[in-house]
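The chain contents come next:
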Amino acid sequence: PVDRLPEIQEARLRLPILAEEQVIMEAVREKECVVLCGETGSGKTTQVPQFLYEAGYASSGGIIGVTEPRRVAAISMSHRVATEMNLPSGVVSYQIRYEGNVTENTKIKFMTDGVLLKEIQKDFLLQKYSVVIIDEAHERSVYTDILIGLLSRIVPLRNKKGLPMKLIIMSATLRVEDFTENKRLFRTPPPVIKVEARQFAVTVHFNKRTPVDNYTGEAFRKICKIHRMLPPGGILVFLTGQAEVHSVCRRLRKAFPYRPHREHTGTQTHLSKRAKKKKNMSLPRINLDSYSALPVDEGDEDRQAGIDDNDNEGSDLELGDHPDSDHEEKADPSIPLYVLPLYSLLAPEQQAKVFSPPPTGARLCVVATNVAETSLTIPGIKYVVDCGRVKKRFYDRVTGVSSFKVTWISQASANQRAGRAGRTEPGHCYRLYSSAVFGDFSLFSEAEITRRPVDDLVLQMKDLNIEKVVNFPFPTPPSSEVLISAEQLLISLGALEEPPRRGRLGEMERARLSCPITPLGRAMAAFPVAPRYAKMLALGRQQGCMPYIITIVAAMTVREIFEDYDRPAGSEEENTKMAGKKARCVQMRRLWAGQGQSVQLGDLMVLLGAVGACEFAGCTHQFCEENGLRYKAMLEIRRLRGQLTNADGSSDSVSGAVFTFASDSTPLLDDPVFIHPSSALHKTLPEFVVYQEIMETTKMYMRGVCAVQAEWIPKLLPQYCHFSAPEESPAPWFCPLSGRVKCHQQSTFYRVSWKLPAIEMDYPEGLEHYKLF
Ligand code: ADP
Ligand code: MG
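Residues numbered from 1 in each chain as written. Chains lettered and ligands numbered in written order. Predicted model: local features only at pLDDT ≥ 70, side-chain atom pairs only at ≥ 80, totals over all residues.

- Taking an unreviewed UniProt entry as the reference, the chain is identified by name as Activating signal cointegrator 1 complex subunit 3 belonging to Sinocyclocheilus anshuiensis.
- Taken verbatim from the UniProt record of the chain, the Sequence similarities (unreviewed entry) comment is "Belongs to the DEAD box helicase family. DEAH subfamily."
- Per its UniProt entry, the chain bears the Catalytic activity (unreviewed entry) comment "ATP + H2O = ADP + phosphate + H(+)". (UniProt positions renumbered as here; feature names shortened; annotations may be inferred.)

Below you can see the structure in the form of structure tokens.
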């Protein structure tokens, strides 16, 4: 029995999914796997675990597991469900990579999908779980896809063994054919239950023109107009990244300052006269469910709401009297706007703010990245401003160079974003692009697995004894090219056995053959980090510098350890403070980099120095604040260090006798590569460097750069490393460093080979019996 508070109970009953409880639970009882589709906000994530709990799925020993592709969602949803059920976090808990509050009493466990994958490695049958919910399956994150593939085998196996288990796949879109129509995945298609959401009409307004680059300016102008002219209701703005979010937040706060401790004159009626007059105008309604079929000619631009773009339309006098350029500087405190940023790197307590109602008299405006598209439902949103773009990570298949690129979203994403405006009452979505541009969007976003390297996945699968990864029932299989390059990288790292050099088969076929995992590979797979980092850990152990390597690896896997102190502040005073802080941070980084010392480990040394200093100071919020470090990042590093220190891979099982050769090859690049200005080695110009990764922004930049002294190479390296240039290319590539690292025309690279003793490890018993793939 669950003892919910009356107001919670009331709110629950308003959710569309409550009406479907019987249908859902019956299907779950009868089938091994059920697919559940329902609009964002219909109650899937918060309610389905509660249905299962109340139906007794957590009462006979097993627990209810829910996976989320994003950490933000895992944490906030566990809190929400705990609150709704009136249960402590020891019962409704979460686990993300290195943080969680799971206890022995946990009954409902929210986790990131990577966490569940790791658990499958420890216990293939997932015996602790009576049911697993894969949430946000429409996002098609790589781990989600892999989990569905694995669970499609685990669930029948569990049932055959008389340990019943259920799988529920939840999606915010109806596009689930990749799961249901895939015979390799589910021989009998699972039933699909559709939750009819109470979606209010959302009027979609397209821009007449599509701004080529200044869409943040366009977004700002649109928000100003909405705020000045339209009735109360929250605004949700979709931009692409943290920097954009902050810049728009700052401009909005300046334009419509909100001062917490002052009474604002206008309450609900903070509308201009014109807006009041316009309040009752009729707006054309477009049903959200059917509008993807909108004609895409320019003729259907909806301009009647009066706040659509007005570029150069002389006739549209309604808008002419608010020339935008004037607004920016003139603050208007009479109509305060309560502006909140929302993005995944934001501290959790800041993120949580969006769920509370805004202060009386102020309108809520959440400026968000893609996180607000489906995983979090922000209450009270009536207006959506959609820039139509998303920032995604891309990998070059040949060079492995990664870059974040801003690209157009899919029509499905645009519709998801629009839908956010119609949760509590009819709303409006302002698209900062034309309907013609919308017509050119792809219908759906492609699965992540088709556009990223899969070396980590392949290693995990090999560790699960899935020898022929090509045979795995992927919902969307990655290209064989990508699978082969992953196998090749793993072979060169020594994680997979090298296939025989000679033979009748060609390169491709050879690589396609299932290379078995090596003992080193097993050790590497035990670390919760990418294979290259896992290899570093293995080497660190061999060289007796494990604590340092653990620290460096932990710091490298955290996306950004430094605060973005370049962010312009609001007031003059704040700006001065910010400049002071920046100067201090630059100085600290120099110190941490070991300024003046002969050993120039560069960015790795900065990481090591920063973490060391922070730990020495007790890893306090204050220390981070004063030195420009992200407190959240430092806590993550601390947790990961703890986890790596205790990981199986570092246990005493190194055998010094066997040597395996592994090499790590640098990518083939045609363009020059630069040391990023933020690097400790930017001005130093070492002769040789190694780097963590190459990112393409305006140029190709190396991140995580570390110098290698030329004289070390002959002295130190031959023992356990040798450099060899491919025969046909005499030209070295990482020199000379005249302000940048330049690739020579031939684009040839040294291969660095490391000799490393193989590591033997205990391996969970019994796994070899599951030759399922
Ligand atoms: P779905 O998973 O179908 O997108 P959710 O279960 O996440 O839907 O959300 C259902 C409802 O619960 C939403 O309308 C949302 O406003 C509300 N909700 C979710 N999280 C919170 C929270 N932390 N605080 C207040 N309301 C919340
Ligand atoms: Mg959800």
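## Observations regarding the overall build of the chain
Consideration 1: When you go through the chain residue by residue, the secondary structure sums to 26 helices and 24 strands.
Consideration 2: Looking at the 773 residues of the chain, the share that counts as buried comes to 42%.
Consideration 3: By sequence separation, contacts in the chain at least 24 residues apart represent 77% of the contacts at least 6 residues apart. (Helix = DSSP H or I, 4+ residues; strand = E, 2+ residues; numbered from the N terminus. Buried ≥ 20, exposed ≤ 12 C-beta atoms within 10 Å, placed from the backbone. Contact = placed C-beta atoms within 7 Å.)

## Considering the sheet that holds strand E11 (residues 337–342)
For sheets, the rule is that strands pair by backbone hydrogen bonds, running either parallel or antiparallel.
Consideration 1: Taken together, 6 strands build an open sheet; the order of strands is E9-E16-E13-E10-E12-E11 and the sheet is parallel. In this open sheet, the two strands that pair with only one neighbour each are strand E9 (202–206) and E11. Shown here is a sheet whose adjacent strand axes are inclined to one another by a mean of 15°, direction ignored.
Consideration 2: Where strand E13 (residues 381–386) and strand E16 (residues 427–431) come together, 4 bridges link them in parallel fashion. Residue pairing for E16: Val385 is matched across the bridge by Tyr430. (Pairing = 2+ DSSP bridges. Axes fitted to C-alpha atoms, helices over the stretch in contact; angles between N-to-C directions.)

## Re the site of ligand 1
Consideration 1: For ligand 1, the set of nearby residues contains 15 residues, the closest of which are Lys44, Thr45, Thr46, Phe355 and Thr377.
Consideration 2: Those elements that place two or more of their residues in the shell around ligand 1 are helix H3 (44–54) and helix H4 (71–85).
Consideration 3: At 4 residues, the largest contribution of residues to the shell around ligand 1 is made by H3.
Consideration 4: Each residue belonging to the shell around ligand 1 can be placed in one class, and the counts come to 3 nonpolar, 10 polar and 2 charged. (Near = placed C-beta within 6 Å. Nonpolar A, V, L, I, M, F, W, Y, C, P; charged D, E, K, R; others polar.)

## Things to note about the packing of helix H16 (residues 455–463) against helix H19 (residues 519–526)
When two helices pack together, you describe them by how their axes are tilted relative to each other and by the distance separating the axes.
Consideration 1: Across the interface, H16 lies against H19 with an axial gap of 9 Å and an inter-helix angle of 115°. In terms of orientation, H16 and H19 fall into the roughly perpendicular class. Classified by chirality, the crossing of H19 by H16 is left-handed. Only Gly521, Arg522, Met524 and Ala525 of H19 make contact with H16, whose side of the interface consists of Leu459, Gln460, Lys462 and Asp463.
Consideration 2: Of the residues contributing to the contact of H16 with H19, the split by class is 3 nonpolar, 2 polar and 3 charged. (Parallel < 35°, antiparallel > 145°, perpendicular 65-115°, else oblique. Left-handed = near helix turned anticlockwise from the far one by under 90°.)

## Quick notes on the sheet that holds strand E2 (residues 63–68)
Consideration 1: In spatial order, the strands read E4-E3-E5-E2-E6-E7-E1-E8; together these 8 strands make up an open sheet with mixed pairing. What marks the edges here is a single partner per strand, and that holds for strand E4 (99–100) and strand E8 (192–195).
Consideration 2: Where strand E6 (residues 129–134) and strand E7 (residues 166–171) come together, 4 bridges link them in parallel fashion. Its bridge partner being in E7, Ile133 is matched across the sheet by Ile168.
Consideration 3: H3 rests against strand E1 (33–38), E2, strand E5 (108–112), E6 and E7 of the sheet, and its axis sits at about 165° to E2.
Consideration 4: Set on the sheet, helix H6 (residues 142–160) makes contact with E1, E2, E6 and E7; between it and E6 the angle comes to about 145°.

## Digging into H4
Consideration 1: Helix length check: H4 (15 residues) gives 21 Å between terminal C-alpha atoms against 21 Å at 1.5 Å per residue, within 8%.
Consideration 2: When you tally the buried positions in H4, you get 12 out of 15 residues, the bulk of the element.
Consideration 3: Residues Arg71, Val72, Ala73, Ala74, Ile75, Ser76, Met77, Ser78, Val81, Ala82, Glu84 and Met85 constitute the buried set of H4.
Consideration 4: Buried positions along H4 lie against helix H1 (6–13), H3, E2, strand E3 (92–96), E5 and helix H13 (348–352).
Consideration 5: One or two steps after H4, the chain reaches Asn86, where phi turns positive at roughly 60°. (Expected span 1.5 Å × (residues − 1).)

## Regarding the nonpolar core
Consideration 1: Ranked by internal contacts, the top residues of the largest apolar core, which has 185 residues, are Val237, Cys365 and Val366.
Consideration 2: For this core, the element with the highest residue contribution is H6, accounting for 9 residues.
Consideration 3: The contact partners of Val366, leaving out residues within four places of it in the chain, are Gly234, Leu236, Val237, Leu340, Leu342, Val354, Ala372 and Ile378. (Core = buried A, V, L, I, M, F, W, Y, C linked by C-beta atoms within 7 Å.)

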